[in-house]
Amino acid sequence: LNLVGQMAAGIGHEIRNPMTTVRGYLQLLGAKPEYAVRKPTFDLMISELDRANAIITEFLSLAQTKRTEQRSQDLNDLLGKLYPLIEADTFTQNKQISFIPGEIPNLELNGNEITQLLLNLTRNGLEAMEERGRLQIKSYVDNGKVVLAIADEGCGIAAENLRKLGTPFFTTKDSGTGLGLATCYKIVESHNAKIDIDSSTRGTTFFISFPIPVASSKIVDILSQKAIHPISGS
Ligand SMILES: Nc1ncnc2c1ncn2[C@@H]1O[C@H](COP(=O)(O)OP(=O)(O)OP(=O)(O)O)[C@@H](O)[C@H]1O
Ligand SMILES: [Mg+2]
């Protein structure tokens, strides 16, 4: 981030304190009997403050330059923990979801960041789909990398928009902020991973390929001796 970005981040951070005060008083007043008829208005004001707060959080994580800690862990475990949450979201929207965990070695990951990455990508997938659409989450080894694939059956991404993806505040949605993918790109970069996108009018797939750490790649070598396709580049 440039200087202006750093300043925006600083202001964003400081704005939260007064917002917290306002939120607290809204909550307090909204609970009073004399304001009972105004309850929906109070709730709306509080949820709008929460939304503003969520945008600031996302922006601050983007502005964060300190490298976050990573440790060797199982991507499938992280996916499995988050899956019920995403599944519940999917069902309330009358859409379908599946998760196919593959045999993958442990990776150097920051759990919080990977959680955020997953939530942002699955939310985008869900937002792109009509009812009954299916979201598919997969993990597998391909070409010496661990791949996390998130596929939707949504509207697809227009060619002219593909190169704008990841630019902060680029959005085509009425209520979008355009920080979701920017955050994803940052997280992917800090994991030395890569994003590939395959999109058509029938849907979009995001492929995140993670490098396999040397210690884990030995195990993959042993596994690959038994596999039909040997894994190259490890
Ligand atoms: N799976 C997808 N299918 C279709 N379009 C997508 C998909 N993912 C991203 N996009 C496009 O990329 C744009 C940017 O996505 P991004 O997640 O950064 O922001 P957003 O979803 O609009 O807002 P938010 O900040 O709430 O995530 C979207 O507005 C949409 O046009
Ligand atoms: Mg998004």
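Reading the values: the criteria
Residues numbered from 1 in each chain as written. Chains lettered and ligands numbered in written order. Predicted model: local features only at pLDDT ≥ 70, side-chain atom pairs only at ≥ 80, totals over all residues. Heavy atoms only, no water. Core = buried A, V, L, I, M, F, W, Y, C linked by side-chain atoms within 4.5 Å. Buried < 20%, exposed > 50% of the residue type's maximum accessible area, 1.4 Å probe, protein only. Helix = DSSP H or I, 4+ residues; strand = E, 2+ residues; numbered from the N terminus. Contact = heavy atoms within 4.5 Å. Domains from an automatic or database assignment. Salt bridge = Lys/Arg side-chain N within 4 Å of Asp/Glu carboxyl O. Polar contact = N/O pair within 3.5 Å; in protein donor to acceptor, adjacent residues only side chain to side chain. Nonpolar A, V, L, I, M, F, W, Y, C, P; charged D, E, K, R; others polar. Near = heavy atom within 4 Å. Areas by Shrake-Rupley, 256 points an atom, 1.4 Å probe, with all protein chains shown as cover. 1 Å grid on protein atoms, 1.4 Å probe; cavity = no way out; pocket = protein on both sides within 12 Å on 5 of 7 lines; lining within 4 Å. Sits in = over half its atoms within 2 Å of the grid points.

*Asks:* I'd like a description of the nonpolar core, backed by residues and values.
*Replies:* Note that soluble globular proteins tend to have their nonpolar side chains buried in a common cluster. Of all hydrophobic cores here, the largest spans 32 residues; its most connected members are L75, I114, L117, L121, L148, I208 and F210. Counting residues per element, this core draws most heavily on helix α3 (residues 75–92), which supplies 6 residues. Dropping the residues within four chain positions of it, L75 is found in contact with I104, L107, L109, I114, V146, L148 and F210.

*Asks:* Can you lay out the domain arrangement of the protein for me, pointing to particular residues and giving the numbers?
*Replies:* In terms of domain boundaries, the protein breaks down into domain 1 (3–63) and domain 2 (71–226). Computed over C-alpha atoms only, the centres of domain 1 and domain 2 are separated by 30 Å. Taken together, the 6 residues of domain 1 in the interface contact 11 residues of domain 2. Counting the contacts that link domain 1 with domain 2 gives 0 salt bridges. Summed over the shared surface of domain 1 and domain 2, the number is 3 residue pairs in polar contact (both at pLDDT 80 or more). Of the residues belonging to the side of domain 1 that touches domain 2, the class tally is 3 nonpolar, 1 polar and 2 charged.

*Asks:* Describe the site of ligand 1, listing the residues and the values that go with them.
*Replies:* By nearness alone, 21 residues border ligand 1, and N124, T171, T172, K173 and L181 come closest of all. Side-chain polar atom of T171 to an oxygen atom of ligand 1: 2.5 Å apart, as the coordinates give it. About the coverage of ligand 1: the protein hides 94% of its 590 Å² of free accessible area. Because more than half of its atoms lie within 2 Å of the grid, ligand 1 is assigned to the largest pocket. Those elements that place two or more of their residues in the shell around ligand 1 are α4 (111–128), α6 (180–190) and β7 (203–211). The leading source of residues in the shell around ligand 1 is α4, at 5 residues.

*Asks:* Describe the side chain of S209, with residues and values.
*Replies:* Relative to the assigned elements, S209 resides in strand β7. When neighbours within four sequence positions are excluded, S209 is seen to be in contact with K145, V146, V147, A193, K194 and D196.

*Asks:* Provide a residue-level description of the pattern of salt bridges, including the pertinent values.
*Replies:* Inspection of every chain in the model, using the stated rule, returns 6 salt bridges. Of the charged contacts, one joins E48 and R51 as a salt bridge, the two residues approaching to 3.3 Å between their closest N and O atoms. Of this pair, E48 and R51 both sit in helix α2 (residues 39–63), separated by 3 residues, roughly a single helical turn. A relative accessible area of 41% means that R51 is categorised as partly exposed. Sharing partners across several salt bridges, the network here consists of R123, E127 and K173.

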